[in-house]
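# Topology and contacts: notes
Listed below are the residues making up each chain.
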Amino acid sequence: MTTTRFAPSPTGYLHLGHAHSALFGWRAARDRGGRFLLRVEDIDPNRCRPEFEAALKEDLAWLGLDWDGPVRRQSDHMGDYAAALAKLAALGVTYPCFCSRKEIQEEIARAGNAPHLVAAGPEGPLYPGTCRHLDKGVAAERVAAGVPHAIRLDVSRACALTGPLTWDDLGKGRIAATPEILGDVVLARRDVPTSYHLAVTVDDHLQGVTLVTRGEDLFHATHVHRLLQALLGYAVPEWWHHGLLLNAEGQRLSKRDGATALRALRDMGRSPAEVRALAGFPGAPSGPIGSAG
Ligand code: GLU
């Protein structure tokens, strides 16, 4: 059975872009007689707030969306991420990274004098790999001494272990996985013992997600998730990355575009059906959406 999910972070109110994403996942599940899950991605305690979590559930229900089973809240499941991290560490594909953000930027700037040494990914310069070259004993001593550190994926070692991988996107077809384009990504942050990449991969597995629906801004991340799945021995889902809604200036909507917040539209007197149409899902599809609003 198809299982999709919508996985917002409660860092602000949902806007039309989120509505598009939620409707996309909901529609994909319901069209296939499948399940649609809601997951709250709240690993960042500095940015996430309980009131935004309550608001997002309320906004989705107002929009006419229903979801199956309990809502999974990532902050309740740190043990699951720690277990996956331990498994990756046992494979020898992780290392502690003691670099601060500033040190990484300085290192990139230094290497920038010799541009052939600065590897750039689709999201900017890659981590230069400084701590990958640290003596293992020295690194272990620092960890034991409580020096703050992140845990990074040694992507070259990981790729060598898995061999070539592919993944399937319902829109774009079969894709050869190239996780090295994002470099040695962080698997556990200094301040939070997991990261977006790790938590999403573990959760999609534990929740039995078979079709990962999300915006194309996360297309590159999928290369990394596919690699993590192979390392962890997880079943491989399909993906379906959707286009992003843009504002009048042609930029993707963000939480700063207050006027497109679902509750602002509701307060302006828009009906759920009108908001669904604004979010790119007009018409009267079958299921609860056709009758609500
Ligand atoms: N939490 C992510 C976001 O709000 C989405 C994660 C995902 O769909 O994989 O952008």
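As a starting point, this report considers the structure included with it. (Residues numbered from 1 in each chain as written. Predicted model: local features only at pLDDT ≥ 70, side-chain atom pairs only at ≥ 80, totals over all residues. Heavy atoms only, no water.)

### Observations regarding the sheet that holds strand β4 (residues 94-97)
Selection rule: The criterion for strand pairing is that DSSP finds at least two bridges linking the strands in question. Only DSSP runs of H or I reaching four residues or more are called helices, and only runs of E reaching two or more are called strands; each is numbered from the N terminus. Interaxial angle, 0 to 180 degrees, is taken between N-to-C directions of lines fitted to C-alpha atoms, where a helix line uses only the stretch in contact.
Spatial strand order, β4-β7-β10: three strands in an open sheet with antiparallel pairing. Only two strands of the sheet have a single partner each, and these edge strands are β4 and β10 (186-188). Strand-to-strand twist across the sheet, computed as the mean angle between neighbouring axes with direction ignored, equals 40°. By the bridge criterion, four bridges tie β4 to strand β7 (residues 150-153) in an arrangement that is antiparallel. When the bridges of β7 are listed, T94 appears paired with L153.

### Considerations on the nonpolar core
Going by this rule: The set of buried Ala, Val, Leu, Ile, Met, Phe, Trp, Tyr and Cys residues whose side-chain atoms join them within 4.5 Å is what this entry labels a nonpolar core. Only protein chains enter the accessibility calculation, which uses a 1.4 Å probe; a residue whose area is less than 20% of its type maximum is buried, one above 50% is exposed, and one in between is partly exposed. Residue contacts are counted whenever heavy atoms from the two residues lie within 4.5 Å of one another.
Of all hydrophobic cores here, the largest spans 31 residues; its most connected members are L88, L153, L187, L198, L227, L228 and L231. If sequence neighbours within four positions are ignored, L88 has contacts with V93, T94, L187, L198, L228, L231 and L232. Listed in part, the 21 residues of the second largest apolar core include F6, L14, A22 and W26.

### Comments concerning the packing of aromatic side chains
For the record, the criterion: Here is the rule: rings of Phe, Tyr and Trp (six-membered ring for Trp) pair when centre to centre is within 6.5 Å. Planes less than 30 degrees apart are stacked, more than 60 are edge-to-face, and the remainder are tilted. Two conditions define a charge located above a ring, namely a distance within 6 Å from the ring centre to NZ of Lys or CZ of Arg, and an angle within 35 degrees of the ring normal.
Within the structure shown, the criterion is met by four aromatic pairs. Plain terms: the ring middles of F24 and W240 are 4.7 Å apart, the flat faces sit at 65° to each other, and that makes the pair edge-to-face. Pair noted here: F24 is in helix α1 (residues 16-31) and W240 is in strand β12 (residues 238-242), with a separation of 216 residues, a long-range link. The structure contains a cluster of three or more aromatic residues connected by ring pairs, namely W167, F219 and W239. Here the guanidinium or amino end of R142 rests over the ring plane of F98, the centre of that ring lying 5.1 Å away. Residue placement shows R152 over the ring face of Y127; its charged tip is 3.7 Å from the ring centre.

### Things to note about the pairing of strand β8 (residues 166-169)
Along β8, the buried face is formed by W167 and D169; none of T166 and D168, which line the opposite face, is buried. The pairing of β8 with strand β9 (residues 173-176) spans four bridges and is classified as antiparallel. Of the residues in β9, the one forming a bridge with T166 is A176. Counting the residues in the hairpin turn of β8 and β9 gives three residues.

### Observations regarding the environment of A279
Structurally, the position occupied by A279 is in the loop between α10 (272-278) and α11 (288-291). When its relative accessible area of 0% is taken as the criterion, A279 is described as buried. Measuring from C-alpha to C-alpha, the distance between A279 and L165 comes to 34 Å, with 114 residues separating the pair along the chain. Excluding residues that lie within four positions of it along the chain, A279 makes contacts with L16, A19, H20, L23 and L245.

### Quick look at the environment of T201
Topologically, T201 is positioned in helix α7 (residues 196-206). Residues T201 and L232 lie 31 residues apart in sequence; the distance between their C-alpha atoms is 9.5 Å. The contacts of T201, once residues within four sequence positions are left out, are H225, L228, Q229 and Y234.

### Points about the site of the ligand
Note the following rule: Only a single heavy atom is needed: when it lies within 4 Å of a molecule or strand, its residue is near that molecule or strand. Polar contacts, as counted here, are pairs of nitrogen or oxygen atoms within 3.5 Å of one another; within protein the pair requires one atom able to donate a hydrogen and one able to accept it, and residues that are adjacent in sequence qualify only if both atoms are side-chain atoms. We get accessible surface area from the Shrake-Rupley algorithm with a probe of 1.4 Å; when it comes to residues, only the shown protein chains can shield them. Each residue gets one label: Ala, Val, Leu, Ile, Met, Phe, Trp, Tyr, Cys and Pro are nonpolar, Asp, Glu, Lys and Arg are charged, and the others, such as Gly, are polar.
Taken together, R5, A7, P8, S9, E41, Y196, R214 and L218 form the complete shell of residues around the ligand. One of the backbone nitrogen or oxygen atoms of A7 is found 2.7 Å away from a nitrogen atom of the ligand. Here a nitrogen atom of the ligand and a side-chain polar atom of S9 are 3.4 Å apart. In the complex, the protein chains occlude 77% of the 300 Å² of accessible area that the ligand would expose alone. Its residues assigned to classes, the shell around the ligand comprises four nonpolar, one polar and three charged.

### Here we look at α1
Rules: By this rule the span expected of a helix is its residue count minus one, scaled by 1.5 Å.
Between its terminal C-alpha atoms α1 stretches 22 Å, which fits the 22 Å expected from 16 residues at 1.5 Å a residue. Here α1 lies mainly inside the structure; 14 of its 16 residues are buried. Phi turns positive one or two residues past the end of α1, at G33, with a value near 65°.

### Let's talk about the pattern of salt bridges
As a reminder of what qualifies: Each reported salt bridge corresponds to a side-chain nitrogen of Lys or Arg within 4 Å of a carboxyl oxygen of Asp or Glu.
Evaluated as defined, the whole model comprises 22 salt bridges. Taking the shortest distance from any N to any O, the salt bridge between D203 and R72 comes out at 2.7 Å. Placement of D203 in helix α7 and of R72 in strand β3 (residues 72-73) is noted, with a sequence separation of 131 residues between them. Residue class for R72 comes out buried when judged on its relative accessible area of 11%. We note a salt bridge from E107 to R110, for which the minimum N-O separation is 2.8 Å. Placement of the pair is E107 and R110 together in helix α4 (residues 101-112), with a separation of three residues, close to one helical turn. Residue class for R110 comes out exposed when judged on its relative accessible area of 51%. Through salt bridges with shared partners, a single network forms among R5, R39, E41, R72, D80, D203 and D204.

These figures come from the coordinates and say nothing about function on their own.
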